[in-house]
2 protein chains.
Amino acid sequence: MRDVAVVGLGLHKWGELWDLSLRDMFTIASRNAMDDAGVDHIDSMYIGCMSGGLFAAQEHIGSLMADYLGVTPIPVTRVESACASGGVAFRLAWMEVASGLSEIVLAGGVEKMTDISGDEATFALSTAADTEYEGYVGVTFPGLYAMMAAAHMQKYGTTLEQLAHVSVKNHDNGALNPNAQYPFPVTLETVMNSTMVAEPLRLLHCSPITDGAAAVILCSVELAREKYNDRPMVVIKGSGQATDTIALHSRADITSLKAVEVAAKKAYGMAGVGPKDIDLTEVHDCFSIAEIMTTEALGLFEPGEGGAAAENGVTSRDGSTPVNTSGGLKSKGHPVGATGIAQIIELTTQLRGDAGKRQINNPRVGLAQNMGGSGGSSTVHILERQ
Amino acid sequence: MRDVAVVGLGLHKWGELWDLSLRDMFTIASRNAMDDAGVDHIDSMYIGCMSGGLFAAQEHIGSLMADYLGVTPIPVTRVESACASGGVAFRLAWMEVASGLSEIVLAGGVEKMTDISGDEATFALSTAADTEYEGYVGVTFPGLYAMMAAAHMQKYGTTLEQLAHVSVKNHDNGALNPNAQYPFPVTLETVMNSTMVAEPLRLLHCSPITDGAAAVILCSVELAREKYNDRPMVVIKGSGQATDTIALHSRADITSLKAVEVAAKKAYGMAGVGPKDIDLTEVHDCFSIAEIMTTEALGLFEPGEGGAAAENGVTSRDGSTPVNTSGGLKSKGHPVGATGIAQIIELTTQLRGDAGKRQINNPRVGLAQNMGGSGGSSTVHILERQ
């Protein structure tokens, strides 16, 4: 398999976008990515979308987007792995280019979440859990992550302040991201006193409901060197994907994330690097406890040390292990199908040195971790500037 | 990229299966496929499912099925391309093995369609069309295919009798398929007098609502020769996938199927064969007109000749160009995500010489064509017995 580069990035401002439809957002992000790469065509396309059906009464997303982007009759495939749909779309685009089957492939993601009520959106999201054994007894995602948080606090002594520091840090970063849904800082006190959602998780520990899309263009390193070599080259060095039980009650331990550990091991192995080689990381902070648990699962910190890392500034932009410089899901927003692609965009932007006020100092290797449900699936990708 | 073989087949009896859930059906089909192949593990899995969300309030299908099949933590990806979801899952499994990334990959499909009302199922299926420009004005799939049928009749003189002969022929075949939902013959008179659904299409021109799953095991030809060589080897020689506009009104011509033509051209080119080399074909007869139009798009017949081929017995089991020996979607049933995989199973069964009473005479090359929506997406695969 051959090496693959990320040569184009496309985003738009995320939020509650009542004037943009599912197809509008995806088309805008994809056109931006094609413009950024300077490509006039693509050979194939993968689209991460969790639930076009429940959120927007629209399936057959591949045909729809090929049509509205004006790229028929190329092959287009929509993939779903709940909130890890974008990461899976990226992995398949990488695989298609790496295999030699195609030259230029777009990986995108999209979700239109605010055209239905909050109750309906909570229900739609709950279908990422085990509907028969979790959903039908009334548990939704804040409840599932609250159980994980409570267990983590009990086992490791993780504190409410540490959870809150994750949100504060991510809002600090998101305040510098012009595409973020909530681009403003929040204080520790505001987080600690926000509305209780599911004890111990309060409103400002939870990522929001978001409309948004994101897209990237991939091609072989060979083609990139030949045609798209006008800026730092960002290469995909490792890809991992894994599953775990969909229901929380089936796991031996709910304070760790097996799918993340396995996906990370695969990606590290393929890239020939370890946690100490990673200069910046985007993780799936759907809830503040998720950032703590994913950074531990990735081996960035020992189990139980993720909370302290946030509290002590280790994961801040100027810390030794920056995490979620984009603002994360918390501040940037979480249009579930698009999130995994936006993580790749943040890494590539930072590796290119184009992150403006939130740029960290000369990063070379970045890692993106995207997660579905309560950890039932995960992807990990490692990018390197060459 | 290396050659890939189909070494395991898994089905179960399809129908209105109130005692089997989404996860039950997929697990049964997958276990059957693993048993048929004689494999004790798989490296990765792709699952075609059109709308777990609208049909069964369940997304995150990859994690769910990995969990219930007992194969976590392997990577599992659910793909959606409306009724072509199964064909796309098969293509990605092929790509993953062909690329060298994995050795043994399962491609499956599943849909649980009867746990909701007929009205709700019709709505769920309608999301394979353009919701904003087709669905919201009230058109559903029988209406869309009725427009295509009327145009085809006007342009080419295709007759009501020819449409009915497709259904009669497919029920003749399905009567010999123990896994079919409706395994009995129907007479021309019965079809011609069945309830009108959307003029000119009557009830017995329409494929049914079905619960079902299907799964196949793929591995490299090299590994197959070494380990799974106890029966005729069936190899994937060509794969094509394409898109067209999602809405019918955006097409220059609604009597042809562009996505099928493009996917077929790709698959023929990769396989180094043409329509005349195909010994048997499984096509996407979601409505009887679709079988006529797809056989024309595949180049098996000239445009306008598909209807006569059905009427004159050319596409019958003992004809020169057998089509849908399985019974097709009409008699076998159409659990939308599973259909594309079941087509591969019929081809492989026939190529192995294992099709029992519906076995055709010594076929060597088979073609499967799976389609999404009103032709907004299509896959074509060519298999060869070696």
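Keep in mind the model is a prediction, meaning the values are calculated, not measured.

Criteria and cut-off values
- Residues numbered from 1 in each chain as written.
- Chains lettered and ligands numbered in written order.
- Predicted model: local features only at pLDDT ≥ 70, side-chain atom pairs only at ≥ 80, totals over all residues.
- Heavy atoms only, no water.
- Core = buried A, V, L, I, M, F, W, Y, C linked by side-chain atoms within 4.5 Å.
- Buried < 20%, exposed > 50% of the residue type's maximum accessible area, 1.4 Å probe, protein only.
- Contact = heavy atoms within 4.5 Å.
- Buried area = accessible area lost by both parts, 1.4 Å probe.
- Salt bridge = Lys/Arg side-chain N within 4 Å of Asp/Glu carboxyl O.
- Helix = DSSP H or I, 4+ residues; strand = E, 2+ residues; numbered from the N terminus.
- Nonpolar A, V, L, I, M, F, W, Y, C, P; charged D, E, K, R; others polar.
- Domains from an automatic or database assignment.
- Axes fitted to C-alpha atoms, helices over the stretch in contact; angles between N-to-C directions.
- Parallel < 35°, antiparallel > 145°, perpendicular 65-115°, else oblique.
- Least-squares fit on C-alpha atoms with pLDDT ≥ 70 in both.

**What to know about the nonpolar core**
- Counting 113 residues, the largest nonpolar core has Tyr145(A) and Tyr145(B) as its most contacted members.
- Not counting residues up to four positions away in its chain, the partners in contact with Tyr145(A) are Leu201(A), Cys286(A), Phe287(A), Ile289(A), Ala290(A), Met371(A), Gly373(A), Ser374(A) and Gly375(A).
- Grouped together as the second largest cluster of nonpolar side chains are 67 residues, Leu280(A), Trp94(B), Ile344(B) and Leu351(B) included.

**Describing the interface of chain B and chain A**
- Between chain B and chain A, the residue contacts involve 61 residues of the former and 61 residues of the latter.
- Both sides of the chain B and chain A interface together cover about 4,600 Å² of buried area, and 54% of this is carbon and sulfur.
- Contact with chain A buries surface across chain B, with His60(B), Glu80(B) and Thr243(B) losing the most and accounting together for 15% of the total.
- If you look at where chain B meets chain A, you find 6 salt bridges.
- In this structure, Glu80(B) and Arg78(A) form a salt bridge, with 2.9 Å as the shortest nitrogen-oxygen distance.
- Among the secondary structure elements, those contributing two or more residues to the side of chain B that touches chain A are α2 (52-56), α3 (61-69), β3 (76-80), α4 (85-99), β8 (234-243) and α10 (258-271) of chain B.
- When its residues are assigned to classes, the side of chain B that touches chain A shows 31 nonpolar, 20 polar and 10 charged.

**Here's the deal with helix α5 (residues 118-126) of chain B**
- Listed as buried for α5(B) are Ala121(B), Ala124(B), Leu125(B) and Ser126(B).
- Check the buried side of α5(B) and you find it contacts α2, α6 (141-156) and α14 (336-352) of chain B.

**Notes on the domain arrangement of chain A**
Residues and elements named next belong to chain A.
- According to the domain assignment, chain A consists of domain 1 (4-116 + 209-227) and domain 2 (138-205 + 237-385).
- Spacing between the C-alpha centres of domain 1 and domain 2 amounts to 23 Å.
- Domain 1 puts 41 residues into the contact, and the matching count from domain 2 is 34 residues.
- Buried surface at the junction of domain 1 and domain 2, both sides included, amounts to about 2,700 Å², of which 65% is carbon and sulfur.
- Looking only at domain 1, the three residues that lose the most surface to domain 2 are Trp14, Cys83 and Arg91, adding up to 25% of its buried area.
- Summed over the shared surface of domain 1 and domain 2, the number is 1 salt bridge.

**So, the packing of α4(B) against α14(B)**
All names here are of chain B.
- Taken N-terminus to C-terminus, the directions of α4 and α14 make an angle of 60°; their axes are 5 Å apart at the nearest point. The angle between the axes of α4 and α14 places the two elements in the oblique class. Touching Ser85, Gly86, Gly87 and Phe90 of α4 are Gly337, Gly340, Ile341 and Ile344, all from α14.
- Its residues assigned to classes, the contact of α4 with α14 shows 3 nonpolar, 5 polar and no charged.

**Notes on the relation of the copies chain B and chain A**
- Overlay of chain B on chain A (RMSD 0.0 Å): rotation 180°, translation along the axis 0.0 Å. On the angle and the small slide along the axis, the relation comes out as a two-fold axis.
- By residue overlap, the copies meet face to face through one surface: 100% of the interface positions of chain B are interface positions in chain A.

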